[in-house]
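What the coordinates show
The residues making up each chain are set out below.
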Amino acid sequence: MKSLIAGNWKMNGIARARSEVESLIERFGGSMPGDRDILICPPVTLLAAFAGSYSDEGILFGGQDCHAKTSGAHTGDISAEMIADTGASHVIVGHSERRADHAENDQTVKEKAEAALRAGLTPIICVGETREQRETGIAQSVVGTQLEGSLPDAMGVFVVAYEPVWAIGTGLTPTLEDISEMHDFIRSKTPEGTRLLYGGSVKPGNAKEILGISNVNGALVGGASLKAEDFFPIISAAPGEM
Ligand SMILES: O=C[C@H](O)COP(=O)(O)O
């Protein structure tokens, strides 16, 4: 299995966005290493331009969210088909920021994941517990419930990203043992071959040890994916073919 290092740019990426992608490609000598998958999920305003410009260099592009329906009266929304039409290959669904800001629940996330698969995209389905849930010892059962409700019925290949909500953008990370335990648990609940990403304050300084954990098949990186100088060492720390 190839590792997958995904950068989620969130609502960032106007000034210097293009030059960061070009700088990343340059750091890899003009094309991305073939033994791992590198994905950038920029804001949708940049998606078509990026997917059209850099696919030859071996970077994959993806959306940050999609609507569950194909088309219709949904002002401001983007369907999975529209994302696929840009040349993108993946779409993130169920990120905790969307679960919180847009009241998305497991059922919504499942519908989005299924819409992504129908459109030919690989959904990256996010799960993760809050700090309070971790502290009260229910992290695993929370994630188990999210998986049960959010994973698509057998339709195709998807990726799961374990992102403890309290680790996102905070500089805090679970212990390596806690990450390992949760990834082993998620492995037991997902089809064989499913890639499992860890996300939450992945940085150049901790990427190697996190990406070295068995059943961690890559990372979903927020803040540290915005600058090539940070994203490059994270990608470089990922093992190649596993
Ligand atoms: O999607 C990415 C995650 O929310 C992680 O964000 P972060 O690396 O800034 O903590």
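Above this text sits the structure in question.
What you see is a predicted model, and the numbers here were worked out from it, not measured in a lab. (Residues numbered from 1 in each chain as written. Predicted model: local features only at pLDDT ≥ 70, side-chain atom pairs only at ≥ 80, totals over all residues. Heavy atoms only, no water.)

**Concerning the overall build of the protein chain**
A tally of helices and strands in the protein chain yields 10 helices and eight strands. Computed over C-alpha atoms, the radius of gyration of the protein chain comes to 17 Å, within 12% of the 18 Å expected from 2.2 N^0.38 for 242 residues, which places it in the range of a compact globule. Taking all 242 residues of the protein chain together, 52% fall into the buried category. Across the protein chain, contacts joining residues at least 24 apart in sequence account for 73% of those joining residues at least 6 apart. Only carbon and sulfur atoms are counted for the fraction: they give 50% of the accessible area of the protein chain, which is about 10600 Å². Where the 20 positive side-chain charges of the protein chain centre and where its 32 negative ones centre are 2 Å apart. (Helix = DSSP H or I, 4+ residues; strand = E, 2+ residues; numbered from the N terminus. Rg over C-alpha atoms; globule rule 2.2 N^0.38 Å. Buried < 20%, exposed > 50% of the residue type's maximum accessible area, 1.4 Å probe, protein only. Contact = heavy atoms within 4.5 Å. Areas by Shrake-Rupley, 256 points an atom, 1.4 Å probe, with all protein chains shown as cover. Lys, Arg positive; Asp, Glu negative; His and termini not counted. Charge placed at Lys NZ, Arg CZ, Asp CG, Glu CD.)

**Considerations on the packing of aromatic side chains**
Tallying each qualifying case throughout the model produces six aromatic pairs. An aromatic cluster of at least three residues, connected via ring pairs, comprises Trp9, Phe50, Tyr54 and Phe61. (Phe/Tyr/Trp six-rings, centres within 6.5 Å; stacked < 30°, edge-to-face > 60°.)

**A short note on the site of the ligand**
The environment of the ligand is formed by 13 residues, the closest being Lys10, His95, Glu163, Gly169 and Ser201. Within the backbone of Gly222, a nitrogen or oxygen atom sits 2.9 Å from an oxygen atom of the ligand. In isolation the ligand exposes 310 Å². Once the protein is present, 97% of that is buried. Tallied by class, the residues present in the shell around the ligand amount to four nonpolar, seven polar and two charged. (Near = heavy atom within 4 Å. Polar contact = N/O pair within 3.5 Å; in protein donor to acceptor, adjacent residues only side chain to side chain. Nonpolar A, V, L, I, M, F, W, Y, C, P; charged D, E, K, R; others polar.)

**A word on the state of the cysteines**
Two cysteines, two sulfur atoms, one covalent bond between them: this is a disulfide. For the structure shown, the criterion picks out zero disulfides. Distance from the sulfur of Cys66, which forms no disulfide, to the nearest cysteine sulfur (Cys41) is 12 Å. Using a relative accessible area of 1% as the deciding quantity, one classes Cys66 as buried. (Disulfide = S-S within 2.5 Å.)

Just geometry here; none of it tells us what the structure is for.
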